[in-house]
There are 8 protein chains.
Amino acid sequence: MAPSVGVIMGSDSDWSTMEAAALALAEFDVPFEVGVVSAHRTVQKMVDYATTAADRGLKVIITGAGGAAHLPGMVAAMTPLPVIGVPVPLKYLDGMDSLLSIVQMPAGVPVATVSIGGARNAGLLAVRILAASDPELLAKMRAFQANLEQVVAEKDEALRAKLLG
Amino acid sequence: MAPSVGVIMGSDSDWSTMEAAALALAEFDVPFEVGVVSAHRTVQKMVDYATTAADRGLKVIITGAGGAAHLPGMVAAMTPLPVIGVPVPLKYLDGMDSLLSIVQMPAGVPVATVSIGGARNAGLLAVRILAASDPELLAKMRAFQANLEQVVAEKDEALRAKLLG
Amino acid sequence: MAPSVGVIMGSDSDWSTMEAAALALAEFDVPFEVGVVSAHRTVQKMVDYATTAADRGLKVIITGAGGAAHLPGMVAAMTPLPVIGVPVPLKYLDGMDSLLSIVQMPAGVPVATVSIGGARNAGLLAVRILAASDPELLAKMRAFQANLEQVVAEKDEALRAKLLG
Amino acid sequence: MAPSVGVIMGSDSDWSTMEAAALALAEFDVPFEVGVVSAHRTVQKMVDYATTAADRGLKVIITGAGGAAHLPGMVAAMTPLPVIGVPVPLKYLDGMDSLLSIVQMPAGVPVATVSIGGARNAGLLAVRILAASDPELLAKMRAFQANLEQVVAEKDEALRAKLLG
Amino acid sequence: MAPSVGVIMGSDSDWSTMEAAALALAEFDVPFEVGVVSAHRTVQKMVDYATTAADRGLKVIITGAGGAAHLPGMVAAMTPLPVIGVPVPLKYLDGMDSLLSIVQMPAGVPVATVSIGGARNAGLLAVRILAASDPELLAKMRAFQANLEQVVAEKDEALRAKLLG
Amino acid sequence: MAPSVGVIMGSDSDWSTMEAAALALAEFDVPFEVGVVSAHRTVQKMVDYATTAADRGLKVIITGAGGAAHLPGMVAAMTPLPVIGVPVPLKYLDGMDSLLSIVQMPAGVPVATVSIGGARNAGLLAVRILAASDPELLAKMRAFQANLEQVVAEKDEALRAKLLG
Amino acid sequence: MAPSVGVIMGSDSDWSTMEAAALALAEFDVPFEVGVVSAHRTVQKMVDYATTAADRGLKVIITGAGGAAHLPGMVAAMTPLPVIGVPVPLKYLDGMDSLLSIVQMPAGVPVATVSIGGARNAGLLAVRILAASDPELLAKMRAFQANLEQVVAEKDEALRAKLLG
Amino acid sequence: MAPSVGVIMGSDSDWSTMEAAALALAEFDVPFEVGVVSAHRTVQKMVDYATTAADRGLKVIITGAGGAAHLPGMVAAMTPLPVIGVPVPLKYLDGMDSLLSIVQMPAGVPVATVSIGGARNAGLLAVRILAASDPELLAKMRAFQANLEQVVAEKDEALRAKLLG
């Protein structure tokens, strides 16, 4: 099945963070593709990726990058699709540089930014975007949310049980 | 026409910031509704708004809030739709508190965060989300992007002209 | 004995931080209850908890949450009781996001915020609140404070002794 | 009527911020006293104030201070009563120094911290603390919260009316 | 004379900040060109500018941008020339987002970053870079530095005179 | 010999940081005393310490504290002697809270603040203060500074040697 | 009378901030000198100033600088005297850059740092340093502190009077 | 061959960070020298180094320093050459103090700042500066950049291969 979501990252070292986005998509049976595309080291490849994404059938692009993180914004500049940005934390500054470099985009070119290291939420946000026009996927998302509630209820019970011992 | 996008904010004083989201939607002829819904002062109204949004036909919800900004995350918790958060800057801290309160959501409940005060981009992101499954809107977004390019070209020319006198 | 204080947290992983609040309450023989209640994953449960707390006889609610920490503020919005918030530090940002998300509440809905990870102080603050109208508990708090002084005096002596060896 | 709440501040220039605490108390007919007590310039007065507060019948102390704000923590060290701290923003740093100096108290001595400049919430928090053991005041707080909801509903209506013009 | 330095900025509103770079170059009689090139709104123009800069005879490129400032890093990715980045402060965050977005570049693609709003220093840095292989320009820079010293000496004298009255 | 410098800290756990101040004083044969004095847990002891320090013959007081670090400022409020503050870093925030709580003192009550964890410099600063009116100690400080220079020269040589292999 | 304190600053524009240091010294009849000495623009002058200060009879040097504020640390490196640093706030960052550039000195070379813009406290700290070995000045400082207390008492009374109307 | 680039650092402990600058220069066969020169501990040596650098044939100076990092700015004040600054992260604050102390230079004295710990980029920036007037080196830089692209392409392929298993 042709991928609906592209998951790209600036460096293969980002994979340990970004894998969670791919897993979330897989949980919802959303077809996706994965790639390493660097804003700074493979500019032409990034241009090609971004400018052809919509025509290749992608609906959403998830991008992860760290430090002076330019990939999300640059891709958003070259596609009409919604672009999700994941601030990848690097060795210093706890991802605050990544967050600001991704979220503080100028008017005209939005990036849908999630939390520092929040790749799982990037995947889930892509699912919601697709679900907005796909009733079946919307139902799955509702079920997922109901399940979250169930998991917390179980943890609550377990904590009380431990304390009451 | 039934609204596709809901634009809500925690206080009517946020309107001066959030109006830009509404204007962006209007530019693309995307029908929307506007309201004041406070996470802290009108909890039940917020619950009702969020839990019924998808069934009422909304596809995207844009939320703006400042300080300990809980509206975007709470709405996201109660709807399967994509939720966009606009950090509204208050009197102190330049919106950094608003940004962190919106973007640092736990795994499971994403909020698509835009820049501090970036309501125009929130509107444009909503358009992109809708355009992902609407070829006509996608074409409009491409045209919009081409026009951005044109505007910069004109400003470039004007600047050079001014310098060359 | 019916609990006077409710200690709730957004995730069972917060227990390692929040346990200190429960221990402080136990030191003062203040009856309390404990639970996992997530603002984002169990909204209805949170609403039920907060709206019934006063009628169930609780006098104070201690809440712990991390990141975009919405639990303290949301509970405070739905109860007339004093709500204490503990910013739980997560993997990045050292709890600064948790702190700002809890303390920067809008006018009308206060959260009594303690230090990052400061659950023990949350418990002691709850004791002080109860003690304000309970002379016996007030006396216990005075004794506790006198003892703090004693402990420092002993540590001072020990340090001097070590140096004089 | 003997005051139940003491409202003190480090400098008379803090009054423009702290007045909102007094107004909130007055709205709830809670008797209070006001004073200028500086941790750094009137140490003995501060010691006297804090050590006698409980015996003088106070139930809660609200303290406001800016910069290296020591008044809230020092008062909390010398009284068994709950102490509320208001970070007063000074000329630089937007009150971040005031906030950290107040909220980051060591284990043993809690200060119930509210938002930067959040004196109104300090007053409301004091009311909640008193209301925890005063059913009549609790009912007033519930009414106050219901009214907040009403005010937002009216603002919502006004905003929609303006837009529909 | 063919320009040695290119001065480009993401928006014509950056000119009020960036003009100081042009003035510094003019003081040293270094030929330069000026343009508006947006990383996000005129991607192809930016690619063309950067990839042809060296062949067109430029030796240094000065770039100014604000917020999620991608222009300096993207240009640096596509030219072998030294690229200087000026963090332009926007309405919020005092340019801290601009600074981090420019300076925190990944290994392989350096941007020579100057202070927030420091366009004059960007111009002077470009002069130093050119002067490193141009003895005449180096002499001018030495003279400029000696003059800075003279100006301070005069200000020192004026201050002392004012005080001595 | 009667101590000239008092080295006090809020908790015995601060000793691992503060020991370096004592060692620096010992290197210069400056007599000193050490103690644990908590602003929050032993208020009266702190008051006694600070108000009697000058009469007991102390010339300088070095204070270390972390988090909402009130000891340095409170001691400074109660003694006419110069007070040096060492921001002790705690588990979160890297000592930024300690630094701001110590350095941002209001006009009238200065604290001579050194770097985060910079207890060695606190000791050396005390030596300089004493040396300002003690020619012999001033000579020792000059010798110490000359030696610093020598140590760097040796490290420089060692590094070059290693590289030249 | 020969000056005991030198007050220097990096730029004459710092005078509006630094004047308060001079005024504080004048209040205590401490003789001082004033000058503009730039770490970056008049290096040799700075070296001369710092290396001769002790021999010229100065006991303390007060330095003010903003941004990448190097003057305090450089002077401290070249004199055995105590050096006080005043972080001067510039147009952006509220003086946080100035503070960190002054206070975070490496082991071996302390700078006694006061608050952002805290020149008055720098003057008072210099007085305390001189007073440590000058009983008459110490008595003056005690009187000054008693007066601070008196002033607050009057403001307290005035505030109460205004409220009681 | 006479060195074109000087690589100096404030402490030999900075070598683990700064080594990457030397390696980058070596990759491009750019001759360089290395040394430990402390702004605070070896002022005269620093003055000598900076004032003679241009005459000794250096074209660029790379400087690394941490905390209140004064070496880059002081060297830039005393040479007409381009000076590159590497913010070395110390134990606390993740290098934010180092960054601000280096980048926030006053108008007149620029330092070309790279990322926190970004010594490799400092080396590459020096190469670019030299390459601006050296066609052969410019060609090498172009080849280096092409190779970066190739490396990413291989990593991309490897990641896809791993996922497709």
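Residues numbered from 1 in each chain as written. Chains lettered and ligands numbered in written order. Predicted model: local features only at pLDDT ≥ 70, side-chain atom pairs only at ≥ 80, totals over all residues. Heavy atoms only, no water.

Per an unreviewed UniProt entry, chain A goes by the name N5-carboxyaminoimidazole ribonucleotide mutase and belongs to Couchioplanes caeruleus subsp. caeruleus. In its Sequence similarities (unreviewed entry) section, the UniProt record describing chain A reads: "Belongs to the AIR carboxylase family. Class I subfamily." (UniProt positions renumbered as here; feature names shortened; annotations may be inferred.)

Q: Hey, could you run me through the relation of the copies chain A and chain B in this one?
A: Both copies of the chain are related by one operation, a rotation about an axis with a shift along it. Each copy superposes on the other: chain A lies on chain B with an RMSD of 0.0 Å after a rotation of 180° and an axial shift of 0.0 Å. Look at the turn and shift together and you get a two-fold axis relating the two. Of the interface residues in chain A, 100% have counterparts in chain B that sit at the interface too, so the contact is made through matching surfaces. (Least-squares fit on C-alpha atoms with pLDDT ≥ 70 in both. Contact = heavy atoms within 4.5 Å.)

Q: Even after reading the chapter, I still don't get helix 5 (residues 119–131) of chain B, so can you show me in this structure?
A: The periodicity of an α-helix, 3.6 residues per turn, causes residues three or four positions apart to be oriented the same way. All names here are of chain B. With 13 residues, helix 5 ought to run about 18 Å at 1.5 Å a step, and its terminal C-alpha atoms sit 18 Å apart, in line with that. Burial analysis of helix 5 places 12 of its 13 residues in the buried class, which makes it a mostly covered element. Listing the buried residues of helix 5 in full gives A119, N121, A122, G123, L124, L125, A126, V127, R128, I129, L130 and A131. (Helix = DSSP H or I, 4+ residues; strand = E, 2+ residues; numbered from the N terminus. Expected span 1.5 Å × (residues − 1). Buried < 20%, exposed > 50% of the residue type's maximum accessible area, 1.4 Å probe, protein only.)

Q: Help me out: how do you make sense of the confidence of the model for chain A in this one?
A: Where the model shows low pLDDT, its predicted coordinates should not be examined in detail. The predicted model of chain A has a mean per-residue pLDDT of 96, with 99% of residues at 70 or higher. Interface confidence for the predicted complex, given as ipTM, is 0.97, next to a pTM of 0.97. (pLDDT = per-residue confidence, 0-100.)

Q: In this structure, what is going on with the layout of surface pockets? I would like to understand it.
A: To find leftover empty space, one rolls a probe the size of a water molecule over the atoms. Of the volumes computed, that of the largest pocket is approximately 1400 Å³. Considering the residues around the largest pocket, the lining is formed by 33 residues, among which A:M96, C:M96, F:M96, G:M96 and H:M96 are closest to the centre. For the lining of the largest pocket, the elements supplying multiple residues, two or more each, are helix 4 (96–103) of chain A, helix 4 (96–103) of chain B, helix 4 (96–103) of chain C, helix 4 (96–103) of chain D, helix 4 (96–103) of chain E, helix 4 (96–103) of chain F, helix 4 (96–103) of chain G together with helix 4 (96–103) of chain H. Tallied by class, residues from the lining of the largest pocket come to 24 nonpolar, no polar and 9 charged. (1 Å grid on protein atoms, 1.4 Å probe; cavity = no way out; pocket = protein on both sides within 12 Å on 5 of 7 lines; lining within 4 Å. Points joined across faces, edges and corners; volume = space filled by probe spheres on them. Nonpolar A, V, L, I, M, F, W, Y, C, P; charged D, E, K, R; others polar.)

Q: I keep staring at the arrangement of the chains and nothing clicks. Help me out?
A: Spatially, chain A and chain D are disjoint, and the shortest separation between their C-alpha atoms is 17 Å. Spatially, chain B and chain G are disjoint, and the shortest separation between their C-alpha atoms is 11 Å.

Q: Looking at this model, I keep getting lost on the domain arrangement of chain A. Mind explaining?
A: How big an interface is tends to be stated in terms of the accessible area lost upon association of its parts. Residues and elements named next belong to chain A. Assigned domains of chain A: these are domain 1 (5–133) and domain 2 (138–164). The C-alpha centroid of domain 2 is placed 29 Å from the C-alpha centroid of domain 1. Of the roughly 600 Å² buried at the junction of domain 1 and domain 2 (both faces included), carbon and sulfur atoms supply 68%. Counting across the domain 1 and domain 2 interface gives 1 salt bridge. For K140, the salt bridge is made with D29, and the minimal N-O distance between the two is 3.4 Å. Linking domain 1 with domain 2 are 2 residue pairs in polar contact (both at pLDDT 80 or more), by the criterion used here. With 5 residues, helix 5 (residues 119–131) is the largest single contributor of residues to the side of domain 1 that touches domain 2. Residue classes in the side of domain 1 that touches domain 2 are distributed as 4 nonpolar, no polar and 4 charged. (Domains from an automatic or database assignment. Buried area = accessible area lost by both parts, 1.4 Å probe. Salt bridge = Lys/Arg side-chain N within 4 Å of Asp/Glu carboxyl O. Polar contact = N/O pair within 3.5 Å; in protein donor to acceptor, adjacent residues only side chain to side chain.)

Q: Where do I start with the interface of chain D and chain B in this structure?
A: Contacts between the two partners involve 14 residues from chain D, matched on the other side by 15 residues from chain B. Summing both partners gives a buried area of about 1400 Å² for chain D against chain B, and 69% of it is carried by carbon and sulfur. Here chain D and chain B share 2 salt bridges between them. For D:K155, the salt bridge is made with B:D12, and the minimal N-O distance between the two is 3.8 Å. Along the contact surface separating chain D from chain B lie 4 residue pairs in polar contact (both at pLDDT 80 or more).

Q: In this structure, what is going on with the UniProt feature "domain: PurE" (unreviewed entry) in chain A? I would like to understand it.
A: The UniProt record annotates "domain: PurE" (unreviewed entry) at residues 3–152 of chain A. For residues 3–152 of chain A, the end-to-end C-alpha separation is 32 Å, with 47% helix and 17% strand making up the annotated structure.

Q: It is not clear to me how the side chain of B:D156 should be interpreted in this structure. Could you clarify?
A: Mapped onto the secondary structure, B:D156 falls in helix 6 (residues 135–164). Here E:K45 takes part through its side chain, which lies 2.4 Å from a polar atom of the side chain of B:D156. In contact with B:D156, not counting residues within four places along its chain, are E:G35, E:V36 and E:K45.

Q: Whenever I open this one, the pairing of strand 1 (residues 5–9) of chain A confuses me. Can you help?
A: The side chains of a regular strand alternate between the sheet's two faces. All names here are of chain A. In terms of burial, strand 1 is largely enclosed, as 5 of its 5 residues are buried. Pairing of strand 1 with strand 3 (residues 60–66) involves 5 bridges; the strand directions are parallel. The partner of V7 across the bridge, within strand 3, is I62. The pairing of strand 1 with strand 2 (residues 32–36) spans 5 bridges and is classified as parallel. In the strand pairing of strand 2, I8 is matched with G35. What joins strand 1 to strand 2 is helix 1 (residues 15–27), and the crossover it makes is right-handed. (Pairing = 2+ DSSP bridges. Right-handed = clockwise from strand over helix to strand, strands pointing away.)

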